[in-house]
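# Remarks on the overall topology
The lines below spell out each chain.
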There are 2 protein chains.
Amino acid sequence: MSDIEVLLRMLSRRDELTAEEMRLLAALPKRRRLFARGETIIPSHAEPTECGLLVEGFAGREIMVGDGGRQLTAVKVPGDLLDLCTLLMRVTDHAVVALTSCVVSFISHRELLLVIEGCPHLGRLLWLTTTLDGAIQRNMSVNVGRRDALTRMANLICDLYHRLEIVGLAERHAMRIPLSQATLGDLLGISAVHVNRTLQTLRRRKVVSWNTSGDVVIRDYNRLAAIAGFDPVYLNLVKLSR
Amino acid sequence: MSDIEVLLRMLSRRDELTAEEMRLLAALPKRRRLFARGETIIPSHAEPTECGLLVEGFAGREIMVGDGGRQLTAVKVPGDLLDLCTLLMRVTDHAVVALTSCVVSFISHRELLLVIEGCPHLGRLLWLTTTLDGAIQRNMSVNVGRRDALTRMANLICDLYHRLEIVGLAERHAMRIPLSQATLGDLLGISAVHVNRTLQTLRRRKVVSWNTSGDVVIRDYNRLAAIAGFDPVYLNLVKLSR
DNA sequence: CGTCAGATTGATATTCATCAAGATCGGTGG
DNA sequence: CCACCGATCTTGATGAATATCAATCTGACG
């Protein structure tokens, strides 16, 4: 898939894009780079001059907590802009790390701002992605807040399924999530051991199958969504009129 | 304090505002309304046509979780826009409720969009508030994710102190936070009983005093920030050049 | 075949929720 | 003025969810 293809899919699911707008986005100069799993894509407390579009792989927002542990506050999937916030906030408050090997396309802030100036509707669309990012983050907060491990896990699976489906990386309730159980623990705020036991429960109940190599199949979506208390409104899958 | 005064303070702490921009914001027609504690300011799954500016009081984003419990994913203080996200996302994914009695000024989306069209820099500034909101949300996620109750509480106190200070509602380490312990529990994802015990620990260690009527004094900021592992970068208190 | 990362399992420790019973306090009506 | 009331804060006791530690198992890969 081309660099821009995933972005266009992600955006056009939320709003109509004109041919001209697609052209403008496609014409943006991009610097493509590969990251190995574990590498830092964007460091914390930095002042980037470009923003990254995740093209392949999974990345995560990482904030270190006091005692050496880390908390991942978000998973990023292909089509997500990794640090659009730096376009407006000078200093990053978190790092973005590669959770699997990743392909990232960088677009300079300057170029991006020029395009927005020439096409305010694109600006609004990018603003919308910031809003969406906030909504996804909120869902994450709820998730780690007051729910038990099983609910958290179910919610994460629902969230990823819908987001991957948008960019064509999930279909018929199947997808690949090649994250280790330790990484899942960092995402859900639970220990790796408990992730393991939680997955076993989901398997035992025949709701989800998730093998060691990361192939995930949702065997009973309705039950999964019920366990998760999942409400997809936050994903804003209803198109906005212009 | 006038309706717009708190908003101007909040914004001008992050970027320069010209006299013209201030005039535009002040000239926006507003519909002022009072809410009693516990009332819903913006319902969930609604399609608002205006956005609320919190002028006085504390509000919270509320998402209900399965078993009747609620999770507050954010506290809003005077100067905060309560639901700017609805300007771009049609349907609200959460409710906003009054945690104390609140004064809210509503501004219609239409008027707001007109102003932005005429003054792109104001649009960027509002976009920045969306970004900022995301950063505050992220800090919240970290907070409820993997930290113990004491750390969560310390973090919330630091967060509120800085945000209240910006709008002139905190100074010399003193502020009023008239939230019940049950409400604090909903914010931190812990039970009300545990909130009580946590506050006692902070009092016993002479880090914070917090009496029943909501007067809070940070007696040892450095120790509090150390307990919290607090890093204020996310509040973006460094002004952006234009 | 050896190695290594990750998954799995069992045993124990900790944190926090829950339940239940006072204590405190501001307000309210007699 | 006083008795009462409801809401909130406080305290103690018990139990459940999850962390932590340690050991073993598995599969990929050189």
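Residues numbered from 1 in each chain as written. Chains lettered and ligands numbered in written order. Predicted model: local features only at pLDDT ≥ 70, side-chain atom pairs only at ≥ 80, totals over all residues. Heavy atoms only, no water.

## A look at the environment of Val 208 of chain B
Residues and elements named next belong to chain B. Checked against the element boundaries, Val 208 lands in strand E10 (residues 208-210). Each C-alpha atom of the pair Val 208 and Tyr 221 lies 8.4 Å from the other, and the pair is 13 residues apart in sequence. If sequence neighbours within four positions are ignored, Val 208 has contacts with Ile 157, Leu 202, Arg 203, Val 216, Val 217, Ile 218, Arg 219 and Leu 224. (Helix = DSSP H or I, 4+ residues; strand = E, 2+ residues; numbered from the N terminus. Contact = heavy atoms within 4.5 Å.)

## Focus on the interface of chain A and chain B
Facing 47 residues of chain A, the contacting portion of chain B comprises 48 residues. Summed over the three residues of chain A that lose the most area to chain B, namely Leu 88, Trp 127 and Arg 146 of chain A, the buried surface amounts to 21% of that side. With a shortest N-O distance of 2.6 Å, Arg 146 of chain A and Asp 186 of chain B are connected by a salt bridge. Here chain A and chain B share 21 residue pairs in polar contact (both at pLDDT 80 or more) between them. Of all elements in the fold, only strand E4 (59-64), strand E5 (70-76), helix H3 (109-118), helix H4 (120-146) and helix H6 (181-188) of chain A reach the threshold of two or more residues within the side of chain A that touches chain B. Tallied by class, residues from the side of chain A that touches chain B come to 20 nonpolar, 16 polar and eleven charged. (Buried area = accessible area lost by both parts, 1.4 Å probe. Salt bridge = Lys/Arg side-chain N within 4 Å of Asp/Glu carboxyl O. Polar contact = N/O pair within 3.5 Å; in protein donor to acceptor, adjacent residues only side chain to side chain. Nonpolar A, V, L, I, M, F, W, Y, C, P; charged D, E, K, R; others polar.)

## Some details on the domain arrangement of chain A
Residue and element names in this part refer to chain A. Partitioning chain A into domains gives domain 1 (3-140) and domain 2 (149-235). Look at where the C-alpha atoms of domain 1 and domain 2 centre, and you get two points 23 Å apart. The partner domain 2 presents 22 residues to the 24 residues of domain 1 that form the contact. For the pair domain 1 and domain 2, the two sides together bury roughly 2000 Å², of which 61% comes from carbon and sulfur. Together, Phe 58, Val 75 and Asn 139 form the three largest contributors to the area buried by domain 1 at its contact with domain 2, with a combined 25%. The tally of links between domain 1 and domain 2 comes to three salt bridges. Taken together, the links from domain 1 to domain 2 amount to nine residue pairs in polar contact (both at pLDDT 80 or more). (Domains from an automatic or database assignment.)

## Re the sheet that holds strand E10 (residues 208-210) of chain A
All names here are of chain A. The four strands lie next to each other as E8-E9-E11-E10, forming an open sheet whose pairing is antiparallel. Each end of this open sheet is capped by a strand with a single partner; those strands are strand E8 (170-171) and E10. Note that E10 and strand E11 (residues 215-218) share three bridges and pair antiparallel. From the neighbouring strand, Val 208 faces E11, where its bridge partner is Ile 218. (Pairing = 2+ DSSP bridges.)

## Focus on the protein's contact with DNA strand D
Surveying the vicinity of DNA strand D reveals 17 residues, the closest of which are Ile 190 of chain A together with Gln 181, Asn 196, Arg 197 and Gln 200 of chain B. Sugar plus phosphate: this is where 62% of the atoms of DNA strand D within 4 Å of the protein reside. The contact in question runs from a phosphate oxygen of DNA strand D to an N or O atom on the side chain of His 194 of chain A, over 3.4 Å. Side-chain polar atom of Asn 196 of chain B to a phosphate oxygen of DNA strand D: 2.7 Å apart, as the coordinates give it. Those elements that place two or more of their residues in the surface near DNA strand D are helix H7 (192-204) of chain A together with helix H7 (192-204) of chain B. Considering each element in turn, the surface near DNA strand D owes the most residues, five residues, to H7 of chain B. (Near = heavy atom within 4 Å.)

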